[in-house]
Each structure stands twice: as C-alpha cells, then as structure tokens.
Amino acid sequence: MQKILSTYMTGRQITFFWLTILFLLSFSLFLLNLVFGSVAIPIEEILKILAGKGSDNESWRLIVLKSRLPQTTTAILAGAGLAVGGLQMQTLFRNPLAGPSILGISSGAGLGVAIVLLFAGKIGGVALSHLGWAGHLSVAMAAFAGASLVLGLVLVLSRHLKDNAMLLILGIMVGYAASALIGILKFYSMKEDVHAYVIWGLGSFSTVSWSQMWVLFPVVLLGLAGAFFLVKPLNVMLLGEQYAGNLGVNIRLSRLLIILCTGLLTASITAFCGPIAFLGLAVPHLTKGLFRTSDHKVLLPAVILSGMAVALFSNLIARLPGFDGALPINAVTSIIGAPVVISVILRRRNLRTPGI
C-alpha cells in the first residue's frame, strides 16, 4: 500500500492521506460506540440526540447522554493520552518497550487505591465498594494522589540522575516496591475490597461521570498541549543526549518536562479508568509502521488519532451484544497490543542478527 501511494503522492500528501483515514476511522468508531451495546439504537436517533433535538424514545436519550457518550469520550481521552505518553517515553529512553507506566506512576496509583480500598474496609468493617458514588470518588482521588506522589518523587530524583538508564531502573524499582505493599494489604483485607481492587485493576472506561469529566478532560488536554511544545527536543533526542546537548538543547529541563507531561497524562487516566494495558506501548509502534517516520511533528497528531481509534475499537468489542455485561478493557487491549509488541521484538532481533 505504501509503495502504491508513494508512486502517485508526495510525502506530505501521504501523511495527510493517512491522517484523514485515521480521523474518519475514529469518527466512525465514535458513532458505532454510541449505536451498539446491550440496546441497539438507530444511527438517525443518535444524530438527533447529539444535535440536541431529543428522541421519541426517552430511554434511548438517557442511554446515550448518561452512559454511552461519557464512556466514549473517556475512551477518546484515554487512548490519546496514553498513546502520547508511550511515544514520549520510548523517545526519551530510546527503548521500544517503554510505556507511560514505565516510571512507576501507574504502580503509585495502584498503591493509592489499595490503601484506600483495602485498608478502609479493614479499619471501618465496611467494604468501600458498597458506598456507591462516594466510594468511586474516593478511589479516583486515592489513585491520583498515589500517582502524583510517585511522579513528584521521580521529578525530584531526575534532577540528580544524569543517566536515563538509572531513571528507568528507578521507575521499575518503585513498581516492585508498590506491588509488594499492595500484596501485604491484600493479605489483610476483606474479600469484597480485594474483589473491588481486582476489578479496578482490569480497567474500564465506564466509571467516569460528567462531573468527573470536568477534571479529566482539562488535565488530559493540558498534557496533550504540553506534548506539542516538546516536539523539537523530542526530535533532537532521537540523535542521542550528547548530540542534543551540542545543539543547545537543555537536556535536564527537557527530560523534566517530558516526564511531567507523561506523568500528568498517566496519573489522571489511571485515576479514573484504572491501569489500561498496552495502549501506550503498542499504539506508537502501529503509528510508526504506518507513517514510516520518526518526526514527532507527524507522529504526535498521528498517535493521538491512532490511540483514539484503538481505544474506541477496544471499547466497542468489550460492549458487543453476547457478552455478559462488558469485558474488561485490559482483556481487549492486551489481545490487540501483545502481538504488536511481539512483532517489534522479533523485528529488532532480525535486524541485529541477520542470517539467523
């Protein structure tokens, strides 16, 4: 396909073509997410509801506005944010297997949730999962607090660590430490709270209400806007830190801003949706394979659209009729993402060891 396009189009025209395809695909998946579910709603009614004209069937209007639209919007924000975070981490560490959770921020969110969700039931004798909206709000706040604490720790230590490899090891160690503490809390917790924690860990786009969207939307938008301001240092960092420094790039400041941007996206999305697997890891590779470029001026809008499309597709599959309720999002994203990561590993192996 790429060879055929290159015969008739210039590089810019090919980029515009694929960006248009991704936009149309994302928009189509957006509409399909509103149409399909346990109750199928005609597309004509969906368009009327979105236009503010209402619907003859009041239950359809409530399903779209109160359930499917916030869930679909959450999928768009999570897909775009995690994809951009993954691209930034892979560029910063020059590691194709780096993702937005590589610095332990998701683990910090998990620890925050574990402390509130598992420890609260042990002390109060009442499972936090039984408290309705108050319980959901407490979980989101705890996740954001835990992620922010780890992000702050990483930001402070990054100012004293010159080597990105040491920072990467630090993030992995934070993850191990958080997992150990979570294991201890699970051991002493109520069964209901352990079950609620496991469900949270499977990820979901359906737990965000419109009131919570007023927090999630501006934070993700801020993180995405920050990523566009970091395009130049990201491009230069592809050449190596030493070369980037010789070109006048402030390596420490750029690294600090990249970590802050990725941390903001990861912390907010994990707080409201749980730890979403493989989106941030696989989508950048899918996008690079499609656009055949390492220029972040192209990759950044491309991974945003690709992340939206993959998240919407995963959400649609999880909610298809025939499933009991809805599949966990992580089950779908892992099925999509794992083959991508395996192909990346095999391709890099073949490039490094020709003839084997």
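All residue numbers refer to position in the chain's written sequence, counted from 1. Per-residue local features are limited, in this predicted model, to residues with pLDDT of at least 70; the limit for side-chain atom pairs, both in listing and counting, is 80 or more; totals at the level of whole chains, interfaces and linings are taken over all residues. Calculated side-chain values reflect all of the structure's heavy atoms, with hydrogen atoms and water omitted.

**Let's talk about the overall build of the protein**
Stated formally: Strands here are runs of E lasting at least two residues and helices are runs of H or I lasting at least four, both read from the DSSP assignment and numbered beginning at the N terminus. For every residue, the accessible area obtained with a 1.4 Å probe (protein chains only) is divided by the maximum for its type, and the residue is called buried under 20%, exposed over 50%, and partly exposed between those limits. Surface accessibility in these figures is a Shrake-Rupley result with a 1.4 Å probe; residues are shielded only by whichever protein chains are displayed.
Regarding its fold elements, the protein presents 15 helices and zero strands. Residues counted as buried form 47% of the 356 residues belonging to the protein. Surface summary for the protein: the accessible area is close to 17,700 Å², and the carbon and sulfur share equals 70%.

**Topic: unusual backbone geometry**
A negative phi angle characterises most non-glycine residues, just as the trans form characterises most peptide bonds. Phi is positive for arginine 94, which is not a glycine, with a value near 50°. Among the secondary structure elements, arginine 94 is positioned in the loop between α4 (58-93) and α5 (105-124). Of note, arginine 292 is a non-glycine position whose phi angle comes to about 55°, a positive value.

**Notes on helix α12 (residues 251-273)**
For the record, the criterion: Here a helix's expected span is defined as the number of its residues, less one, multiplied by 1.5 Å.
Between the first and last C-alpha of α12 there are 32 Å, a value that for 23 residues agrees with the 33 Å anticipated at 1.5 Å per step. Most of α12 is tucked away: 17 of the 23 residues are buried. At the C-terminal side of α12, glycine 274 shows a positive phi close to 85°.

**What to know about helix α13 (residues 279-291)**
For α13, spanning 13 residues, the distance from its first C-alpha to its last is 18 Å, which sits close to the expected 18 Å at 1.5 Å a residue. Those residues of α13 not exposed but buried are Leu279, Gly280, Leu281, Ala282, Val283, Pro284, His285, Thr287 and Phe291.

**Here we look at the confidence of the model for the protein**
We count it as follows: pLDDT runs from 0 to 100 and stands for how confident the predictor is about each residue. Two residues qualify as a contact provided that any one of their heavy atoms is within 4.5 Å of a heavy atom in the partner residue.
Chain-level pLDDT for the protein is 83 on average; 88% of the residues reach the 70-or-more range. Mean pLDDT across the elements of the protein ranges from a minimum in helix α1 (residues 2-8), with 62, to a maximum in helix α14 (residues 296-318), with 94. Scored below 50 in pLDDT, residues 123-127 makes ten contacts in the model with residues more than four places away or belonging to other chains. In this model residues 352-356 is a low-confidence stretch, pLDDT under 50, and it forms two contacts with partners more than four residues away in sequence or in other chains.

**Structural notes on a nonpolar patch on the surface**
Note the cut-off: Exposure above 30% relative accessible area and the absence of a salt bridge qualify a residue for a patch, where like charges join within 9 Å and nonpolar side chains (Val, Leu, Ile, Met, Phe, Trp, Tyr) within 5 Å. For salt bridges, the criterion is a side-chain nitrogen of Lys or Arg within 4 Å of an Asp or Glu carboxyl oxygen.
Residues Met166, Ile169, Ile172, Met173 and Tyr176 make up a contiguous nonpolar surface patch of roughly 510 Å² in combined accessible area. Mapped onto the fold, tyrosine 176 is located in helix α7 (residues 164-187). On the accessibility criterion, tyrosine 176 (57% relative accessible area) is exposed.

**Details of the environment of valine 231**
With respect to the secondary-structure elements, valine 231 resides in helix α10 (residues 231-237). On the basis of relative accessibility, which here comes to 9%, the residue valine 231 falls in the buried class. Separated by 66 residues in sequence, valine 231 and lysine 297 place their C-alpha atoms 6.4 Å apart. Excluding residues that lie within four positions of it along the chain, valine 231 makes contacts with His296, Lys297 and Leu300.

**Some thoughts on the pattern of salt bridges**
What the rule picks out here adds up to two salt bridges. The closest approach of N and O atoms between lysine 48 and glutamate 45, which form a salt bridge, is 3.9 Å. Residue lysine 48 and its partner glutamate 45 are both found in helix α3 (residues 43-50); the two are separated by three residues, about one turn of the helix. On the basis of relative accessibility, which here comes to 29%, the residue lysine 48 falls in the partly exposed class. Residue glutamate 45 is classed as buried on the basis of its relative accessible area of 14%. A salt bridge links arginine 61 to glutamate 58; the shortest N-O distance between them is 2.6 Å. Pair noted here: arginine 61 and glutamate 58 are both in helix α4, with a separation of three residues, about one helical turn.

**Let's talk about the side chain of arginine 319**
Inspection of the secondary structure assignment puts arginine 319 in the loop between α14 and α15 (329-352). In this structure arginine 319 comes out as buried when scored by relative accessible area, which is 10%. Non-local contacts of arginine 319, meaning those with residues more than four positions away in its chain, are made with Asn33, Phe36, Gly37, Ser38, Arg68, Gln71 and Ala326.

**Quick look at the packing of helix α2 (residues 11-35) against α14**
Filter applied, for reference: Structural elements are reduced to axes, namely lines fitted to C-alpha atoms, with helices fitted over the stretch in contact, and the angle between N-to-C directions of any two is expressed from 0 to 180 degrees. Here the angle decides the label: under 35 degrees means roughly parallel, over 145 means roughly antiparallel, 65 to 115 means roughly perpendicular, and every other value means oblique. Crossing handedness: left-handed means the near helix sits turned counterclockwise from the far one by under a right angle, and right-handed means the same turn made clockwise. In this classification, the charged set is Asp, Glu, Lys and Arg, the nonpolar set is Ala, Val, Leu, Ile, Met, Phe, Trp, Tyr, Cys and Pro, and all remaining amino acids, among them Gly, are polar.
Direction vectors running N to C along α2 and α14 enclose 25°, while the axes themselves pass 9 Å from each other. Of the possible angle classes, the one that applies to α2 and α14 is roughly parallel. For α2 against α14, the interelement crossing comes out left-handed. Along its contact with α2, which presents Thr15, Leu19, Leu22, Phe23, Leu25, Ser26, Leu29, Phe30, Leu32 and Asn33, the element α14 presents Val298, Pro301, Ala302, Leu305, Ser306, Met308, Ala309, Leu312, Phe313, Asn315 and Leu316. When its residues are assigned to classes, the contact of α2 with α14 shows 16 nonpolar, five polar and no charged.

**A look at the packing of α2 against α4**
Helices that pack against each other are described as a pair by the angle of their axes relative to one another and the distance between those axes. Packing of α2 against α4 brings their axes to within 9 Å, and their N-to-C directions diverge by 145°. Helix-helix and strand crossings are classified by hand; for α2 and α4 the assignment is right-handed. Two secondary-structure elements touch here, α2 through Phe30, Asn33, Leu34 and Val35 and α4 through Arg68, Leu69, Thr72 and Ile76.

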